[in-house]
Amino acid sequence: MAHFQAREANGVAVQQLEVLVRTAIFKPANALVQFLLQGAADRVDAAYQPKPGQRRKGREPVTVQGLFGTFPLRRDYYYHAGKKQGHYPADAALGLEGGYTPALARLLGLEGADETSYQKAEHHLQESGGIRVSARQIQRLVPQVGAPAQRWQGREAQQPEPGRPAVPILYVSGDATGVPMRPEELAGRRGKQADGRAKTRMVYLGCVFTQHHRDEKGHPIRDPESTTYVSTFGPLEEFGPRLRQEAIRRGLALAQQVVLLIDGASGLANLGRLCFPTALQIVDFYHALEHAGRVLEALVGRKEHPDYARRRGPWAKQLRKDRVEQLIAQVRAECAGQAQAEAVEKELGYFGHNVERMQDGTFRRQGFFIGSGVVEAGCQTVIGARCKQSGMFWGEPGAENILALRCIHASRRLEGFWKARLNAHAARNDCLPLAA
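Below: a short report on this structure.

## Thoughts on the nonpolar core
Reasoning step 1: Within the largest apolar cluster, 79 residues are counted, with the highest numbers of intra-cluster contacts made by Leu319 and Phe351.
Reasoning step 2: With nine residues, helix 9 (residues 285-300) is the largest single contributor of residues to this core.
Reasoning step 3: Counting 22 residues, the second-largest nonpolar core is a separate cluster that includes Ala157, Ile248, Leu260 and Cys275.

Following this line, the structure appears as structure tokens:
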């Protein structure tokens, strides 16, 4: 205080002052946390009832790091010779994650998943909170909480989450995007490179959101903060049930109308029939327009043809007016007997399989979304912003861990996940399951 008061008042001095005051305040705060946690550890150890086969080996120290700094903690250690497994009752009761307090572990998991790299997470923690944890330490913690996050994300749901009200319209949507992977993760996989090799692995992202209102023009309005996400590198057979579990949590059984927004691919259509049999399926308009461009390119020969740009707009209007079948008939009649007829028919197959799901005029009048922009944006923000940065190559476990944490964060469920995580830690002290 005297040093600051004796100096010229300027921004540099104020900046240094605040950092020094934070450091000074952190010291007694850290000592207080140490005092309270040591007392709690002593009470836990005194009350602990060993499970059959466990033997107390004595007190052992550990260095714990929290929001305010590091401190030593002493607690009892038990060992099960038959299982060759050790256990610290106080660590489980206090929710320690490998020497980090629950609050710091939660913050490290959030920063490691949210920042574009572990190095940026390290820098951000130091700058914003005065917390010194290296990028490597953060990287080691992420699998420790990411694997449970994956299991929590895929947990079974039998009823809506508590407090979920009935909604007029529940939307379910899914898409896939490529994540750049390490060579060993791509062995034997065919890809889009000139030599047939793959550089990426497909990861599925699903989202669920709700709609209550339309604007003055009748356009649908997505409910604010209503979107939740799930992800998996697994096959469609795994993705579909996982997406259904999320929809159940969100009130699938309570919704007056369920809408499945997809890109028109046969795999996602089958997923819809199996996992959401009563849902109204709508093919994303922009994917349909993209396929219309392919039909037109096959018809006129190339995108640079003058007729391509001239006709694409009118075709889009036909799609918006429920005229998919008329468009198919028109194109078939135009190319009948022509050399390009086979190529055009191949591209028309997309429309032939999706006629009922492409009645966009009817869907718009009913006030439904006809575009899958929500999940498309999710692929960019949830997946791309963290896993597709320049120079990144992932292993599947690392990417799965990061994406599980990012989905939980984007779904505003950090509180629920960490509550379940800490309860799971505490349950390791429960001797009742072995009492019988």
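After that view of the structure, there is still more to cover.
## Quick notes on the sheet that holds strand 2 (residues 69-80)
Reasoning step 1: Spatially, three strands are ordered 1-2-3 in an open sheet, and the strand pairing comes out antiparallel. Looking at which strands have only one partner, the edges of the open sheet turn out to be strand 1 (54-66) and strand 3 (85-87). Adjacent strand axes in the sheet meet at a mean angle of 35 degrees, parallel and antiparallel pairs treated alike.
Reasoning step 2: In this structure, strand 1 lies alongside strand 2, joined through twelve bridges in antiparallel fashion. Of the residues in strand 2, the one forming a bridge with Gly58 is Tyr77.
Reasoning step 3: Strands in contact with helix 2 (residues 11-47) are strand 1 and strand 2; relative to strand 2, the strand with the most contacts, it is inclined by about 15 degrees.

## A look at the pairing of strand 2
Reasoning step 1: Hairpin connection of strand 1 to strand 2: two residues between the antiparallel strands.
Reasoning step 2: Judged from the three bridges that link them, strand 2 and strand 3 form a sheet pairing that is antiparallel. Residue pairing in the sheet places His80 in a bridge with Gln85 of strand 3.
Reasoning step 3: Where strand 2 folds back onto strand 3 in an antiparallel hairpin, the turn is made up of four residues, including Lys84, whose phi is positive at roughly 50 degrees.

## With respect to the packing of aromatic side chains
Reasoning step 1: Counting across every chain of the model gives eleven aromatic pairs.
Reasoning step 2: Here Tyr77 and Tyr88 contribute two aromatic rings whose centre-to-centre distance is 4.8 Å and whose plane-to-plane angle is 40 degrees, an arrangement assigned as tilted. In this pair, Tyr77 sits in strand 2 while Tyr88 sits in the loop between strand 3 and helix 3 (89-94), placing the two residues eleven residues apart along the sequence.
Reasoning step 3: Note on Tyr88: relative accessible area 22%, which makes it partly exposed.
Reasoning step 4: When the ring of Phe285 is compared with that of Tyr286, the centres are 5.4 Å apart and the planes differ by 80 degrees; the resulting orientation is edge-to-face.
Reasoning step 5: Between the NZ or CZ atom of Arg75 and the centre of the ring of Tyr88, over which it lies, the distance is 3.8 Å.
Reasoning step 6: Sitting over the ring of Phe209, Arg222 keeps its end group 5.9 Å from the ring centre.

## Some points on the packing of helix 5 (residues 118-129) against helix 6 (residues 135-153)
Reasoning step 1: Running from amino to carboxyl end, helix 5 crosses helix 6 at an angle of 115 degrees, the nearest separation of the two axes being 8 Å. In this view, helix 5 runs roughly perpendicular relative to helix 6, as classed from their interaxial angle. Here helix 5 and helix 6 pass one another in a crossing that is right-handed. Mapping the contact onto sequence places Tyr118, Gln119, Ala121, Glu122 and Leu125 in helix 5 and Ala135, Ile138, Gln139 and Val142 in helix 6.
Reasoning step 2: Partitioned by chemical class, the residues of the contact of helix 5 with helix 6 number six nonpolar, two polar and one charged.

## Structural notes on helix 14 (residues 373-387)
Reasoning step 1: Compared with an ideal rise of 1.5 Å per residue, which puts 15 residues at 21 Å, helix 14 spans 20 Å between its outermost C-alpha atoms and is within 8% of the ideal.
Reasoning step 2: Of all the positions in helix 14, only Val374, Val375, Gly378, Cys379, Val382, Ile383, Gly384, Arg386 and Cys387 are classed as buried.

## Description of the layout of surface pockets
Reasoning step 1: Counted as a void, the largest pocket has a volume near 340 Å³.
Reasoning step 2: For the largest pocket, the full set of lining residues is Gly178, Arg189, Arg190, Gly191, Lys192, Gln193, Ala198, Lys199, Thr200, Arg201, Met202 and Phe233.
Reasoning step 3: Counting residues per element, the lining of the largest pocket draws most heavily on strand 5 (residues 200-214), which supplies three residues.
Reasoning step 4: Here the residues of the lining of the largest pocket sort into three nonpolar, four polar and five charged.

## Concerning the environment of Pro183
Reasoning step 1: Within the secondary structure, Pro183 is located in the loop between strand 4 (169-180) and strand 5.
Reasoning step 2: A sequence separation of 210 residues divides Pro183 from Phe393, and the C-alpha atoms of the two residues are 8.6 Å apart.

## Some details on unusual backbone geometry
Reasoning step 1: Phi angles above zero are rare outside glycine, and Glu225 is one such case at about 50 degrees.
Reasoning step 2: A relative accessible area of 67% means that Glu225 is categorised as exposed.
Reasoning step 3: The phi dihedral of Arg412 falls on the positive side, at around 60 degrees, and the residue is not glycine.
Reasoning step 4: Structurally, the position occupied by Arg412 is in the loop between helix 15 (396-410) and helix 16 (414-427).

## As for the pattern of salt bridges
Reasoning step 1: Under the defined criterion, the tally for this structure stands at 18 salt bridges.
Reasoning step 2: Here Asp42 makes a salt bridge to Arg59, at a shortest N to O gap of 2.7 Å. A residue pair is termed long-range when its members are at least 10 positions apart, and Asp42 in helix 2 and Arg59 in strand 1 qualify at 17 residues.
Reasoning step 3: Of the charged contacts in the structure, one is a salt bridge between Asp76 and Arg59, with a shortest N-O distance of 3.4 Å. With Asp76 in strand 2 and Arg59 in strand 1, this pair connects stretches of sequence that are 17 residues apart.
Reasoning step 4: The network of salt bridges with common partners includes Asp42, Asp45, Arg56, Arg59 and Asp76.

## A word on the side chain of Asn354
Reasoning step 1: Within the secondary structure, Asn354 sits in the loop between helix 12 (341-353) and helix 13 (360-365).
Reasoning step 2: Here Asn354 falls in the buried class, since its relative accessible area comes to 1%.
Reasoning step 3: Polar contacts involving the side chain of Asn354 include one to the main-chain carbonyl oxygen of Gly264, which spans 3.2 Å.
Reasoning step 4: With near-sequence residues (within four places) excluded, Asn354 lies in contact with Gly264 and Val283.

Basis of the calculations
- Residues numbered from 1 in each chain as written.
- Predicted model: local features only at pLDDT ≥ 70, side-chain atom pairs only at ≥ 80, totals over all residues.
- Heavy atoms only, no water.
- Core = buried A, V, L, I, M, F, W, Y, C linked by side-chain atoms within 4.5 Å.
- Buried < 20%, exposed > 50% of the residue type's maximum accessible area, 1.4 Å probe, protein only.
- Helix = DSSP H or I, 4+ residues; strand = E, 2+ residues; numbered from the N terminus.
- Pairing = 2+ DSSP bridges.
- Axes fitted to C-alpha atoms, helices over the stretch in contact; angles between N-to-C directions.
- Contact = heavy atoms within 4.5 Å.
- Phe/Tyr/Trp six-rings, centres within 6.5 Å; stacked < 30°, edge-to-face > 60°.
- Lys NZ or Arg CZ within 6 Å of the ring centre and 35° of its normal.
- Parallel < 35°, antiparallel > 145°, perpendicular 65-115°, else oblique.
- Left-handed = near helix turned anticlockwise from the far one by under 90°.
- Nonpolar A, V, L, I, M, F, W, Y, C, P; charged D, E, K, R; others polar.
- Expected span 1.5 Å × (residues − 1).
- 1 Å grid on protein atoms, 1.4 Å probe; cavity = no way out; pocket = protein on both sides within 12 Å on 5 of 7 lines; lining within 4 Å.
- Points joined across faces, edges and corners; volume = space filled by probe spheres on them.
- Salt bridge = Lys/Arg side-chain N within 4 Å of Asp/Glu carboxyl O.
- Polar contact = N/O pair within 3.5 Å; in protein donor to acceptor, adjacent residues only side chain to side chain.

Function cannot be inferred from these measures alone, as they are strictly geometric.
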